[in-house]
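So you can see what is in the structure, the chains are spelled out below.
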Amino acid sequence: MTRKTVRIAMNGVTGRMGYRQHLVRSILAIREEGGIDLGDGSVLWPEPVLVGRREQALKAIAERHGLDSWTTDLDAVLADESIDVYFDSQVTSAREEALKKAIAAGKHLYTEKPTATGLDGALELARSAQAAGVKHGVVQDKLFLPGLLKLKRLIDGGFFGRILSVRGEFGYWVFEGDWQEAQRPSWNYRAEDGGGIVVDMFPHWEYVLHGLFGRVRTVQAHAATHIPQRWDERRKPYDATADDSAYGIFELEGGIVAQINSSWAVRVNRDELVEFQVDGTEGSAVAGLRRCRVQHRSATPKPVWNPDLPATETFRDQWQEVPDNEEFDNGFKSQWELFLRHVATGAPYDWDLLAGARGVQLAELGLRSSTEGRRFDVPELSL
Ligand SMILES: NC(=O)c1ccc[n+]([C@@H]2O[C@H](COP(=O)([O-])OP(=O)(O)OC[C@H]3O[C@@H](n4cnc5c(N)ncnc54)[C@H](O)[C@@H]3O)[C@@H](O)[C@H]2O)c1
């Protein structure tokens with residue numbers, strides 16, 4: 001096997017997502033498996049160059065994982081001709097500028113979502129990447145979750161008949177940071193730093209709905225900041241200026257109605273941190289991160305509303321588990337492999353910067369809908 005190296009400048013690897021999901025669980029995991037078999041007698045070998053603001057933190061990560069390249073100089077790494085791909089998992093507010101520089105330097109791009117803080121910026125990125133002829137991809141990891149892959153299998157197999165509605169419930173309690181440390185970075189709760197649950201989660205809901213059920217045609221949302229004060233990483237109080245909860249209704253192509261609650265101020269009474277219930281004429285399913293359960297039309301009970309009697313059935317036990325039937329890899333890694341294959345061989349790849357712009361568009365319209373108390377059409381985007 002010949003080895004083809006792909007050098008990736010990874011910016012933001014000191015962060016939560018950059019380190020755990022992208023470096024350790026994706027790029028280093030691919031290396032542990034010997035690289036990506038391209039099927040032509042060659043193997044693609046990712047070579048990360050760690051990029052960030054703090055030299056010591058980068059050096060520590062490099063040493064921990066036996067890596068030898070890191071830098072705090074983004075311009076220098078982009079000027080380096082041996083770098084093929086620029087990857088960005090920085091805080092959202094720092095992304096657009098860095099991606100623009102990478103496009104100007106002629107690098108292929110792979111990036112976390114949201115791709116920019118506004119639709120104009122996101123579309124400009126997509127257009128200039130296209131014009132520069134570089135390959136581009138945006139993280140859409142939820143599509144690769146085992147639970148949602150099983151849901152996709154049910155849809156493709158015609159299980160649901162006509163799909164009527166989707167109910168999504170996402171969230172958990174994020175500690176305020178005073179008496180217990182917050183489990184998410186504080187910038188997420190400051191609008192001026194690119195925070196907010198609409199900006200964070202609506203891009204995910206856009207590609208999940210679009211990828212599984214159809215394009216989002218309208219949006220109506222109510223965003224709220226339920227917890228107005230939080231404590232940061234230094235235990236200093238700050239005003240939470242961004243929304244921490246969003247209640248959204250989305251009308252999809254074909255008339256499917258989707259309703260998704262997203263909240264960092266909710267206590268979990270579910271089996272998983274995100275769950276989607278899909279109801280169709282022939283059957284229903286509840287899919288989470290890993291599991292998926294179904295109830296067919298033929299096995300649907302017939303409850304009768306009577307508040308005078310205690311519940312006579314255990315409704316949740318009446319659902320049937322969808323088997324794995326295959327091994328599921330980490331979703332971030334699966335998507336990295338597809339993107340790197342796209343870079344190396346030109347294999348098709350749908351989840352690009354235009355798809356990323358659709359996510360930013362839905363977040364922008366969702367926030368406007370909340371502020372103005374109106375429902376908005378979601379115009380179709382093109383390059
Ligand atoms: N795909 C997903 O499921 C998912 C989940 C969480 C977050 N994200 C996205 O990933 C990105 C990073 O999120 P995270 O939770 O890893 O954040 P984080 O705060 O843990 O990491 C942020 C990274 O950006 C760097 N950075 C650059 N400029 C900065 C600045 N001015 N202030 C602070 N940090 C700066 C930090 O050094 C760090 O490496 C965000 O854009 C977020 O929307 C995606």
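- The name an unreviewed UniProt entry assigns to the chain is Gfo/Idh/MocA family oxidoreductase, from the organism Streptomyces daliensis.

**Section: the overall build of the chain**
1) Next: For the chain, the helix and strand inventory stands at nine helices and 18 strands.
2) Next: The C-alpha atoms of the chain give a radius of gyration of 22 Å, which matches the 21 Å a tight globule of 383 residues would have.
3) Next: Summarising its shape, the C-alpha atoms of the chain cover approximately 75 × 55 × 40 Å along the three principal directions.
4) Next: For the chain, the proportion of its 383 residues judged to be buried stands at 42%.
5) Next: Long-range contacts, defined as pairs at least 24 residues apart, comprise 71% of the intrachain contacts of the chain with a sequence gap of at least 6.

**Side note on the UniProt feature "domain: GFO/IDH/MocA-like oxidoreductase" (unreviewed entry) in the chain**
1) Next: Sites flagged by UniProt as "domain: GFO/IDH/MocA-like oxidoreductase" (unreviewed entry) map to residues 149-285.
2) Next: Annotated as residues 149-285, this span is 18% helix and 36% strand, and its ends, taken at the C-alpha atoms, are 13 Å apart.

**Side note on the pairing of strand S1 (residues 2-11)**
1) Next: Of the pairings in the sheet, the one linking S1 to strand S3 (residues 42-51) comprises ten bridges and is parallel in character. For alanine 9, the partnering residue across the bridge sits in S3 and is valine 49.
2) Next: With four bridges joining them, S1 and strand S5 (residues 85-88) adopt parallel strand pairing. Residue pairing for S5: isoleucine 8 is matched across the bridge by valine 85.

**Structural notes on the site of the ligand**
1) Next: Contacts to the ligand come from 18 residues, most closely from Gly15, Arg16, Met17, Gln90 and Pro185.
2) Next: Ranked by the residues each element gives to the shell around the ligand, the list is headed by helix H1 (residues 16-32), at three residues.
3) Next: The residue makeup of the shell around the ligand, split by class, is five nonpolar, eight polar and five charged.

**Topic: the domain arrangement of the chain**
1) Next: Taken as a whole, the chain is organised into domain 1 (2-141 + 331-350) and domain 2 (142-329 + 361-376).
2) Next: In this structure, domain 1 and domain 2 have C-alpha centres spaced 28 Å apart.
3) Next: Ranked by the residues each element gives to the side of domain 1 that touches domain 2, the list is headed by helix H8 (residues 331-345), at four residues.
4) Next: Residues belonging to the side of domain 1 that touches domain 2 are distributed by class as follows: three nonpolar, eight polar and four charged.

**Concerning helix H9 (residues 353-372)**
1) Next: Here H9 spans 28 Å end to end across 20 residues, near enough to the 28 Å set by a 1.5 Å rise per residue.
2) Next: Looking one or two places after H9, you find glycine 373, whose phi comes out positive at around 65°.

**Remarks on the packing of helix H7 (residues 197-212) against H9**
1) Next: Remark: H7 packs on H9, axes separated minimally by 8 Å, with the N-to-C direction vectors making an angle of 125°. Overall, the two elements H7 and H9 adopt an arrangement that is oblique. Taken as a pair, H7 and H9 cross one another with a handedness that is right-handed. Residue-level inspection shows Val198, Val199, Phe202, Pro203, Trp205, Glu206, Tyr207 and His210 of H7 in contact with H9, the latter providing Ala355, Arg358, Gly359, Val360, Leu362, Ala363, Gly366 and Leu367.

Each value, and the rule that gives it
- Residues numbered from 1 in each chain as written.
- Predicted model: local features only at pLDDT ≥ 70, side-chain atom pairs only at ≥ 80, totals over all residues.
- Helix = DSSP H or I, 4+ residues; strand = E, 2+ residues; numbered from the N terminus.
- Rg over C-alpha atoms; globule rule 2.2 N^0.38 Å.
- Buried ≥ 20, exposed ≤ 12 C-beta atoms within 10 Å, placed from the backbone.
- Contact = placed C-beta atoms within 7 Å.
- UniProt positions renumbered as here; feature names shortened; annotations may be inferred.
- Pairing = 2+ DSSP bridges.
- Near = placed C-beta within 6 Å.
- Nonpolar A, V, L, I, M, F, W, Y, C, P; charged D, E, K, R; others polar.
- Domains from an automatic or database assignment.
- Expected span 1.5 Å × (residues − 1).
- Axes fitted to C-alpha atoms, helices over the stretch in contact; angles between N-to-C directions.
- Parallel < 35°, antiparallel > 145°, perpendicular 65-115°, else oblique.
- Left-handed = near helix turned anticlockwise from the far one by under 90°.

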